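Here is how the chains run, residue by residue.
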Amino acid sequence: MGPPFILKVYGPPGTGKTSYLLSRVQEALNSGQFQPEDIAFVAFTKAAANEAIARSRLIADAEFPWFRTIHSACFRLLGLHKGQVMDGKDWRAFGAQGGYDFSDEHHFIEELEIRESMLKTLGDSLRHFDQWRRNRMLGVDQGYKCFPRPRSVPWDLSLCRLFRSRLADYKAATSKVDFTDMIEMVLREELSPAPRMLVVDEGQDLSKLMWLVIDLWMQRTERVIYAGDEDQCLYQWLSAEPKVFLDRPCDEELVLGQSYRVPRAVHAFSQALIQRNKVRHPKIYRPTSDPGYLLRGCELTDLPIQEMAEVGTVFMLARNIRFLDSYTEVLKRLAIPYENLRGPSPFKGRAAKAYWVAHRLSKGHDVSIAELNEMIHIVSSKPWLHWGYKTELAGLAASSPGAKITLSMISGFTPATVDLFRHGRFEEALQLPKETVAYLSNVIKKWGPETLLKKPKTLVGSVHSVKGAEADNVILSPDMARASFRELLTDPEGERRVFYVGATRARRGLWLLNPSQPEHYTW
């Protein structure tokens, strides 16, 4: 078999890259020469992989087993189960054993995806360094020489060596692997889904290590498509190098030049920003016909966020996770339904739905057994429930989830609980923070109880959390963590890409906030 035909596709924001890639998949299927299992579609982020999976169901009524993130594909090839992969519990146990503090769980094992995290502690920085240098295929000593030195924690080569040794010992003792181990193991064992057609999305965000996996999987392919946009590279912190994507050889190049998302005002701003970068492929990239709007010098407290939420979707974005609290505080005060993509929020877990169930019962309405079972998870057994009722209700929810029940029919509530609900004081029985209770109560007063069941149209998150997504209005903060700001001063191209991605999520309007601190990006 000769070398495969390689097509490289450049997809600037909103140009329909995924649609184009899936059209090529459909062409292959329609030819009769390919079956779904012959085609691998791999991406760096879960969002891109999920979008491809969802749309593949419109192409063929069949399973596409290799439409996955790269990490998920490696996970499957290795025959692992989730209990074998380092998760938050493992990192805490390792930290306790080695004397390291980790400020977040960093690895989201349920989604087989690595996300950006806050580097607050020595443990955070050592873990980040370990992932960074391995993705660059560097040893500890070599990586130490070129890794940006953290300034907020003690840092020397001996600490990095010790961390590597301790982590290796922990994983050996517990038979656990981390995300980078999965990539390395696939390479060592030369495991491949052996696709005849390979589509690689988000190529700009792959590290050198991941590209080696792609090279391995290409060995028996007939057709290969690399797709990406170096201007949208967000994962340089994990060793992604846009130049690696740009330099990949190919037989043909295609630029998708028409945006179906970005209006003229936002396009002009974003192009003036990104064209200052030198490491990029020149592209003819056109906006939509919509003029859109761009507002600079905005103060968060003066923005018409409620009006935006009433008529469309809103992204409230920041460069770093630590700045999201300022957004959530305003949204809580205004009683605007929101979801925090990089942190807890009432609409993200059980809180909003459970509060709706309790509120409905207190008003004398019925709920389903399944809905009551959801609420009961946040009700303290003592003194509000009879012994064993949670187990009994779980059984009923499994056998008759749609059966209706009213307050007077709930045998597991104590008389005190029934009294609370009848008098509208049900919040006392719910294990929810007072701040959450006040917020959900205000949401009901302002928008109605059914709002608690709807997906919020306002999303709060880092720029990384909305890559590939879009909203009618985007609010973008220029504030930067010190480490990000230092990176801006030493290597501005990477930080420009982050703000470029944030800006180009907007379908209608972009609202650029004033900085609230000295470390910020200058618009």
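Treat the numbers as computed from the prediction; the structure is a model and nothing was measured.

Draft legend 1. Just the nonpolar core, in detail. Core analysis: the largest hydrophobic core is formed by 68 residues, its most contacted members being M182, L198, I214, W217, Y226 and L510. In terms of residues, this core owes the most to one element, helix 9 (residues 208–217), which gives seven residues. Grouped together as the second largest cluster of nonpolar side chains are 60 residues, F347, W356, I378 and L385 included.

Draft legend 2. How the structure looks around the sheet that holds strand 1 (residues 5–10). Read from one edge to the other, the open sheet built from six strands follows the order 3-2-6-7-1-8, with strand pairing classed as parallel. Edge positions in the open sheet fall to strand 3 (67–69) and strand 8 (252–255), since each of these has one partner strand only. The mean angle between the axes of side-by-side strands here comes to 15 degrees, regardless of whether they run parallel or antiparallel. In this sheet, strand 7 (residues 223–228) lies alongside strand 1 in parallel orientation, the contact comprising six bridges.

Draft legend 3. A look at the environment of L7. Topologically, L7 is positioned in strand 1. Through-space distance from the C-alpha of L7 to that of L440 is 51 Å; in sequence the pair is 433 residues apart. Discounting chain neighbours no more than four positions away, the residues touching L7 are Y20, R24, V224, I225, Y226, E252, E253 and L254.

Draft legend 4. Here's a closer look at the environment of D229. Inspection of the secondary structure assignment puts D229 in the loop between strand 7 and helix 10 (242–247). Along the chain, D229 and F245 lie 16 residues apart, while their C-alpha atoms are 8.6 Å from each other. Leave out the neighbours within four places in its chain, and D229 touches G11, P12, P13, Q204, F245 and K283. Separated by 3.4 Å, the side chains of D229 and K283 make a polar contact.

Draft legend 5. Main features of the sheet that holds strand 15 (residues 471–476). Judged by pairing direction, the sheet is parallel, and its six strands sit side by side in the order 9-16-15-10-14-11 without closing on themselves. Every other strand in the sheet has two partners, leaving strand 9 (293–298) and strand 11 (338–340) as the edge strands with one partner each. When strand polarity is set aside, the average angle formed by the axes of neighbouring strands in this sheet is 20 degrees. Relative to strand 16 (residues 506–513), strand 9 runs parallel, the two being bridged by four bridges. Bridging from a neighbouring strand, L295 pairs with W511 of strand 16. Across the sheet, helix 21 (residues 492–503) lies against strand 10 (314–318), strand 15 and strand 16, angled at about 145 degrees from strand 15, the strand it touches most.

Draft legend 6. Main features of the pattern of salt bridges. Scanning the model with the defined rule gives 35 salt bridges in all. The partner of E202 in a salt bridge is K467, with the nearest N and O atoms 3.2 Å apart. Taken as a pair, E202 in the loop between strand 6 (197–200) and helix 9 and K467 in the loop between strand 14 (458–462) and strand 15 lie far apart in primary sequence, 265 residues in all. A cluster of three or more residues bridged by salt bridges with shared partners is formed by D130, R133, R134, K171, D178, D181 and E184.

Draft legend 7. The arrangement of the packing of helix 5 (residues 122–135) against helix 7 (residues 157–174) in detail. Their axes nearest at 10 Å, the elements helix 5 and helix 7 cross at an angle of 80 degrees. One way to sum up the angle between helix 5 and helix 7 is to call them roughly perpendicular. Of the residues in helix 7, those touching helix 5 at L122, L126, R127, F129, D130, R133 and R134 are L159, C160, F163, R164, L167 and K171. A per-class count over the contact of helix 5 with helix 7 returns seven nonpolar, no polar and six charged.

Draft legend 8. Local environment of helix 11 (residues 264–274). For helix 11, every residue scored as buried is listed here: V266, H267, F269, S270, Q271, L273 and I274. Summarising the contacts, the buried residues of helix 11 are in contact with strand 9, helix 21 and strand 16.

Draft legend 9. Looking closely at helix 1 (residues 17–30). Compared with an ideal rise of 1.5 Å per residue, which puts 14 residues at 20 Å, helix 1 spans 20 Å between its outermost C-alpha atoms and is within 8% of the ideal. Within helix 1, burial applies to K17, T18, Y20, L21, L22, V25, A28 and L29. Two residues or fewer past helix 1, G32 is found with a positive phi of approximately 80 degrees.

Draft legend 10. Spotlight on the side chain of S368. Tracing the chain through its elements places S368 in strand 12 (residues 367–368). Of the residues examined, S368 reaches a relative accessible area of 7% and is grouped as buried. Setting aside residues no more than four positions away along its own chain, S368 makes contact with P401, G402, A403, K404 and I405.

Draft legend 11. Spatial organisation of the packing of aromatic side chains. The full count for this structure, using the stated rule, is 29 aromatic pairs. Ring plane angle 40 degrees and centroid distance 5.2 Å describe the contact between F413 and F421, whose orientation is recorded as tilted. The exposure class assigned to F413 is buried, which follows from its relative accessible area of 4%. Three or more aromatic residues link up through ring pairs in this structure, and these residues are W91, F94, Y100, F102, F163 and Y170. Sitting over the face of the ring of F245, K8 holds its NZ or CZ atom 5.4 Å from the ring centroid. One Lys or Arg, R127, reaches over the ring of W91 and ends 4.9 Å from the middle of that ring.

Draft legend 12. Expanded view of the packing of helix 1 against helix 2 (residues 46–59). Helix 2 packs onto helix 1 with a crossing angle of 40 degrees between their chain directions and a minimal axis gap of 10 Å. Classified by the angle their axes make, helix 1 and helix 2 are oblique. When the axes of helix 1 and helix 2 are compared, the crossing they make is right-handed. Across the interface between the two elements, T18, S19, L22, Q26 and L29 from helix 1 touch E51, A52, R55, S56 and I59 from helix 2. Counted by class, the contact of helix 1 with helix 2 contains four nonpolar, four polar and two charged residues.

Draft legend 13. How the structure looks around unusual backbone geometry. Residue K382 is joined to P383 through a cis peptide bond whose omega torsion reads 5 degrees. Its identity is not glycine, yet S175 carries a phi of approximately 55 degrees, on the positive side. Topologically, S175 is positioned in the loop between helix 7 and helix 8 (179–189). Here S175 falls in the exposed class, since its relative accessible area comes to 54%. Positioned with a positive phi, E202 is a non-glycine residue whose angle comes to about 60 degrees. Using a relative accessible area of 5% as the deciding quantity, one classes E202 as buried.

About the thresholds
Along each chain, numbering runs from 1 in the same order as the chain's sequence is written. This being a predicted model, a pLDDT of at least 70 is required before a residue's local features are given, and a value of 80 or more before pairs of side-chain atoms are given or counted; all residues contribute to the totals for chains, interfaces and linings. With hydrogens and water excluded, all non-hydrogen atoms of the structure serve as input to the side-chain values. We call a set of buried residues a nonpolar core when its members are Ala, Val, Leu, Ile, Met, Phe, Trp, Tyr or Cys and they connect through side-chain atoms within 4.5 Å of each other. The rule is simple: take the accessible area with a 1.4 Å probe, protein chains only, and divide by the maximum for that residue type; under 20% is buried, over 50% is exposed, in between is partly exposed. Under the scheme used here, helices are H or I runs from DSSP no shorter than 4 residues and strands are E runs no shorter than 2 residues, and both carry numbers assigned from the N terminus. Pairing between strands is defined by DSSP: at least two bridges between the two strands are required. Helix axes use the C-alpha atoms of the stretch in contact, all axes being lines fitted to C-alpha atoms, and the angles between their N-to-C directions lie in the range 0 to 180 degrees. A contact between two residues is defined here by any heavy atoms of the two lying within 4.5 Å. Within 3.5 Å is the distance limit for a polar contact, defined as a pair of N or O atoms, with the added protein rule that one can donate a hydrogen and the other accept it, and that residues adjacent in sequence qualify only through two side-chain atoms. For this document, the term salt bridge refers to a Lys or Arg side-chain nitrogen within 4 Å of an Asp or Glu carboxyl oxygen. Oblique is the label for any angle not under 35 degrees, not over 145, and not in the 65 to 115 range, which are roughly parallel, roughly antiparallel and roughly perpendicular in turn. Following the grouping adopted for this structure description, the nonpolar residues are Ala, Val, Leu, Ile, Met, Phe, Trp, Tyr, Cys and Pro, the charged ones are Asp, Glu, Lys and Arg, and the polar ones are all others, Gly among them. Expected helix span is given by 1.5 Å per residue-to-residue step, counting one fewer step than there are residues. Any two of the Phe, Tyr and Trp rings considered here, Trp counted by its six-membered ring, make a pair once their centres fall within 6.5 Å; the pair's planes then place it as stacked at under 30 degrees, edge-to-face at over 60, or tilted in between. Ring-over charges, as used throughout, are those where CZ of Arg or NZ of Lys falls within 6 Å of the ring centre and within 35 degrees of the ring normal. Here a crossing is called left-handed whenever its near helix is offset anticlockwise from the far helix by less than a right angle, and right-handed whenever the offset is clockwise.

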